[in-house]
Amino acid sequence: MRVLILEDNSRLRALTAGALRAAGFATDAFETLADARAAAETTAYDCIVLDLGLPDGDGMDLLEALRRRGSSTLVLLLTARDDKASVVQGLNRGADDYLRKPFDVDELIARIRALLRRPGTAFQTVLAEGNIALDPSERRAVVDGTAIDFSRREVGALEMLMRSSGRVVQKSALEEALYGYDEEVSVNAIEVLVHRLRKKLSGAGANREIVTLRGIGYLLAEPRA
Amino acid sequence: MKILPRDVFGRLVLGLVGVSLVAVAVGAFYLYTRFHNTHSLFFEGTLQAFIGDIADDIHVVDGKLTANVDATTRQRIADESGRYVILDEKGSIVAASPGVTERFTSFRTDRPLYFWIPRQAEEGEYYGLSARIPDVPVPVYVQLMFPKGHIIFESVLHEFMKDIAWIWLPFLLAILAVNVIVVRIALAPLSQTVEEARAIQPGGPATLTEKGLPDDLLALVRTVNAAFERLREAHRLQEEFVADMAHELRTPLAVMKAELATMKDPHARILEHDLGAMERLVEQLLDRARVGRFNLETGKIVDLREVAREACAFLAPRIVGRGRMIEVIAPDVPVLVAGGRDDVFRAVRNLVENALEHTPDKGLISVEITGEPAIVVRDQGPGFPAQVLDREARRSGRVRSERREGVGLGLSIVERTMMAHGGDLTLSNDPGPGGRAIMRFPDAGWLPAA
């Protein structure tokens, strides 16, 4: 998979590009908007990591040019700007995600992977978190090398949790995704479902657990000793 | 000047009282002099009339002078305590009132002479006229005098005091009362301005109303407003500088973070932790600058449950990653307040981050939304140090927190946000132990019955 990174700070650019390469991405790093634009016009990138403030212009211009051309290349914005307005503006103009500086390189890689796995993108493959692997198209889950028998809703819940890895999934979001509008949902249906899923995961020796955050939602996280 | 009252109102009233008193005194003096002059003319006329009456009774028959003053005239003169004497050419007395043995004053004057006899033993002052009688072949002089405190004058003055003069007192009091009322009305806009100025709080709007002020006050208020504007501008520039600086710090922080991530040295992990603290400080500086720009959107309607839940969901991965837990306790009905979503989010985030810093391993951070309406954040840490609990000390910015990095900054962000929302931040310690921070919003009355 080919990633373009546009960042004017040379050390940050080198470090990020190095980390992306180490994570298995073919990475091209550019310092100026002009270079990046030239590269993006000739090469089909799967994902572009875009810094907003650049010496020769605004990264937003490249984003707009891409979208005008009808390109659906995934774009992740890096911003030192903190106002929500500029983030919202970026997302409205066709960015797929954003990260605020200073960011974790690991988080950047995870976000890029999550973007590439999004339904509808060409890279919807097997989801993996720790030793859990899930193939959403076949609704098949493997934990620590062993196939586990999950119900349809359990797989659905696990998929949501894995897709939003590192983020909280609100209970209401699970409810909406797993139950139709006309279905009766008992008050504790989600609790029961998550409880079962959690038991099956830990029974199979998964190195990720579902953390229940009362009043907030659920989070797939590494268990702590 | 100790005599002068300290307020303008007092000074104006004092001045008006003085002016009233002077006006009354001048008026009274004028009336008195006018009255006196009139009286003198009247008195002189009386003297002349009496002398005329006496002259009618003086005859020269065969060169011999006779003066048989009519009894009625004599009686009238006696009634007024007057005295007269008639003198011939040599100054000898031809006729006189009873008891008069000598002339009153020099007599050889062809023109009428008014005279005045000062007070003597047992006698009062006298005022009189000495005149030569016309139309008589030999020179004859009549001298007539009355006591100065003439009865007519006395009685008229007495009547005047009785019937008219007392009116001065209520009149004077009425003028004073009207003056006081007028001054009070004229100064009313000033006290309104004072109230406005008193209500000015850091972080709130700082403009005095110019509408409806009289021109002279308006000049002062405009000047003050212009000064406020300059202060605000200076403040804004400073906040902007802080914000810019924080922005600029982000990129080098990102470089350091990326660099450290590639290192396997265990020291790198320690540095990463320190870097995290720095990151948080930069974040807080930005938050603080944003809150300090006075442009919080407090005009929208926000459900506190939603914002609190969002902020907690945002922080939850970090909290769980550090082996702590977080929960949100909220009622089933919306808790609505007027406020800015981002601002409330930022405030909750700061309180929860603060709680995270002080909650021990496996501890729980509890965020509760109550119908008060309020957001309560509790942690299981050691609690807030005493000087942070003191709101006045906190607001004055004198607190240098003993807790770990950035606590004072975080709390001041929350405090500012709450002030801008017309609410407040209350800190207390639970016996548990643990700190408890309450963001209390004004009740907008939109709360459905819980």
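Residues numbered from 1 in each chain as written. Chains lettered and ligands numbered in written order. Predicted model: local features only at pLDDT ≥ 70, side-chain atom pairs only at ≥ 80, totals over all residues. Heavy atoms only, no water.

Another point: the overall build of chain A. Check the secondary structure of chain A and you find eight helices and 14 strands. Over its C-alpha atoms, taken along the principal directions, chain A stretches across nearly 55 × 35 × 30 Å. Across the 225 residues in chain A, those meeting the buried criterion constitute 45%. Pairs at least 24 residues apart make up 56% of the contacts formed inside chain A by residues separated by at least 6 positions. For chain A, the exposed area adds up to about 10,700 Å²; of that, 47% sits on carbon and sulfur atoms. Of the side chains in chain A, 31 bear a positive and 34 a negative charge, and the two mean positions are spaced by 2 Å. (Helix = DSSP H or I, 4+ residues; strand = E, 2+ residues; numbered from the N terminus. Buried < 20%, exposed > 50% of the residue type's maximum accessible area, 1.4 Å probe, protein only. Contact = heavy atoms within 4.5 Å. Areas by Shrake-Rupley, 256 points an atom, 1.4 Å probe, with all protein chains shown as cover. Lys, Arg positive; Asp, Glu negative; His and termini not counted. Charge placed at Lys NZ, Arg CZ, Asp CG, Glu CD.)

A tally of regular secondary structure across chain B gives 11 helices and 14 strands. For chain B, the residues scored as buried account for 38% of the 450 residues in total. Nonlocal contacts in chain B, meaning residues at least 24 apart in sequence, comprise 61% of its contacts between residues at least 6 apart. Summed over all atoms, the accessible surface of chain B reaches about 24,900 Å², with 60% contributed by carbon and sulfur.

Another aspect to go through is the packing of helix α1 (residues 8–56) of chain B against helix α4 (residues 168–199) of chain B. All names here are of chain B. Their axes nearest at 10 Å, the elements α1 and α4 cross at an angle of 150 degrees. Of the possible angle classes, the one that applies to α1 and α4 is roughly antiparallel. As α1 packs across α4, the resulting crossing turns out to be right-handed. Residue-level contacts link Val8, Phe9, Leu12, Val13, Leu16, Val17, Ser20, Leu21 and Val24 of α1 to Trp168, Leu172, Ile175, Leu176, Asn179, Val180, Val183, Arg184 and Leu187 of α4. A per-class count over the contact of α1 with α4 returns 15 nonpolar, two polar and one charged. (Axes fitted to C-alpha atoms, helices over the stretch in contact; angles between N-to-C directions. Parallel < 35°, antiparallel > 145°, perpendicular 65-115°, else oblique. Left-handed = near helix turned anticlockwise from the far one by under 90°. Nonpolar A, V, L, I, M, F, W, Y, C, P; charged D, E, K, R; others polar.)

Residues and elements named next belong to chain A. Where helix α2 (residues 33–42) is concerned, the buried positions are Leu33, Ala36, Ala39 and Ala40. In an axial view of α2, the angular spread of the buried residues amounts to 130 degrees, which keeps them on one side of the axis. When the buried face of α2 is taken as reference, the exposed residues oriented beyond 90 degrees from it are Glu41 and Thr42. (Arc of directions from axis to C-beta.)

Before going further, it helps to spend a moment on the interface of chain A and chain B. If you look at the interface, chain A gives 29 residues, while chain B gives 31 residues. Taken together, the connections running from chain A to chain B amount to four salt bridges. In this structure, Asp104(A) and Lys257(B) form a salt bridge, with 3.7 Å as the shortest nitrogen-oxygen distance. At the boundary of chain A with chain B, the tally comes to six residue pairs in polar contact (both at pLDDT 80 or more). Sorting the residues of the side of chain A that touches chain B by element identifies α1 (10–22), β13 (209–213) and β14 (217–221) of chain A as the ones contributing at least two each. For the side of chain A that touches chain B, the class distribution of residues is 13 nonpolar, six polar and 10 charged. (Salt bridge = Lys/Arg side-chain N within 4 Å of Asp/Glu carboxyl O. Polar contact = N/O pair within 3.5 Å; in protein donor to acceptor, adjacent residues only side chain to side chain.)

Right, let's get into the domain arrangement of chain A. Residue and element names in this part refer to chain A. Partitioning chain A into structural domains gives domain 1 (2–117) and domain 2 (127–221). One C-alpha centre belongs to domain 1, the other to domain 2; they are set 31 Å apart. Contacts between the two partners involve four residues from domain 1, matched on the other side by six residues from domain 2. Here domain 1 and domain 2 share one salt bridge between them. The salt bridge partner of Arg167 is Asp97, with a shortest N-O separation of 3.4 Å. On the surface where domain 1 and domain 2 come into contact, there are one residue pair in polar contact (both at pLDDT 80 or more). Among the elements that take part in the side of domain 1 that touches domain 2, helix α5 (residues 105–117) stands out by supplying three residues, more than any other. For the side of domain 1 that touches domain 2, the per-class residue count stands at one nonpolar, no polar and three charged. (Domains from an automatic or database assignment.)

Moving on, we come to the pairing of strand β2 (residues 64–67) of chain B. Side chains Leu65(B) and Ala67(B) of β2(B) all project onto a buried face; the interleaved residues Lys64(B) and Thr66(B) project onto a face where none is buried. Where strand β1 (residues 58–61) of chain B hands over to β2(B), the hairpin turn is made up of two residues, of which Asp62(B) adopts a positive phi near 50 degrees. (Pairing = 2+ DSSP bridges.)

Moving on: the pattern of salt bridges. All told, the structure shown has 38 salt bridges over all chains when counted by the stated rule. Asp28(A) is paired through a salt bridge with Arg2(A); the nearest N and O atoms lie 3.2 Å apart. Within this pair, whereas Asp28(A) is found in strand β2 (residues 26–30), its partner Arg2(A) is found in strand β1 (residues 2–6), the two being separated by 26 residues in sequence. Residue Asp28(A) is classed as buried on the basis of its relative accessible area of 18%. Among the residues examined, Arg2(A) registers a relative accessible area of 32% and is labelled partly exposed. Across the pair Glu259(B) and Arg11(A) runs a salt bridge, and its minimum N-O distance is 2.3 Å. Note that Glu259(B) is positioned in helix α5 (residues 215–261) and Arg11(A) in helix α1, a pairing that runs across two chains. According to the relative accessible area criterion, Glu259(B) is partly exposed, its value standing at 23%. The exposure class assigned to Arg11(A) is partly exposed, which follows from its relative accessible area of 48%.

A few words now on the side chain of Thr193(B). Its location among the elements puts Thr193(B) in helix α4. The buried category is assigned to Thr193(B), whose relative accessible area is 10%.

Cis geometry marks the peptide bond from Lys101(A) to Pro102(A), where omega comes out at -5 degrees. Positionally, Pro102(A) belongs in the loop between β7 (97–100) and α5. Cis peptide bonds are those with omega within 30 degrees of zero, and the linkage from Glu372(B) to Pro373(B) qualifies with -5 degrees. Phi is positive for Asp144(A), which is not a glycine, with a value near 50 degrees.

Here the focus is the sheet that holds strand β13 (residues 424–430) of chain B. Residue and element names in this part refer to chain B. Here five strands make up an open sheet; going across it, the order is β9-β11-β12-β14-β13 and the pairing mixed. Only two strands of the sheet have a single neighbouring strand rather than two, namely β9 (325–329) and β13. Neighbour to neighbour, the strand axes of the sheet diverge by 15 degrees on average, direction disregarded. Sitting on the sheet, helix α7 (residues 304–321) touches β9, β11 (364–370) and β12 (374–378), and the angle it makes with β9 is about 170 degrees.

Quick look at the environment of Ala420(B) now. Residues and elements named next belong to chain B. Mapped onto the secondary structure, Ala420 falls in helix α11 (residues 407–420). Judged by relative accessible area, which is 30%, Ala420 ranks as partly exposed. Expressed as a C-alpha distance, the spacing of Ala420 and Gly339, which sit 81 residues apart in the sequence, is 8.9 Å.

Membership of the largest hydrophobic core comes to 44 residues, with the highest contact counts inside it found for Leu213(A), Ile326(B), Val352(B), Val367(B), Ile375(B), Leu425(B) and Met439(B). It is α7(B) that contributes the most residues to this core, 10 residues altogether. Leave out the neighbours within four places in its chain, and Leu213(A) touches Val168(A), Leu219(A), Ala316(B), Val320(B), Met325(B) and Ile326(B). (Core = buried A, V, L, I, M, F, W, Y, C linked by side-chain atoms within 4.5 Å.)

Residues and elements named next belong to chain B. By the definition in use, this model includes four aromatic pairs over all chains. Aromatic pair Phe104 and Phe115: ring centres 6.4 Å apart, planes at 40 degrees, arrangement tilted. Here Phe115 lies in strand β5 (residues 113–117) and Phe104 lies in the loop between β4 (93–96) and β5, a separation of 11 residues in the sequence. Across the pair, exposure class does not vary: Phe104 and Phe115 are buried alike. Relative to Phe345, the ring of Phe314 has its centre 5.8 Å away and its plane inclined at 65 degrees; by these criteria the two rings are edge-to-face. Pair noted here: Phe314 is in helix α7 and Phe345 is in helix α8 (residues 341–358), with a separation of 31 residues, a long-range link. Given the relative accessible area of 11%, Phe345 is considered buried. (Phe/Tyr/Trp six-rings, centres within 6.5 Å; stacked < 30°, edge-to-face > 60°.)

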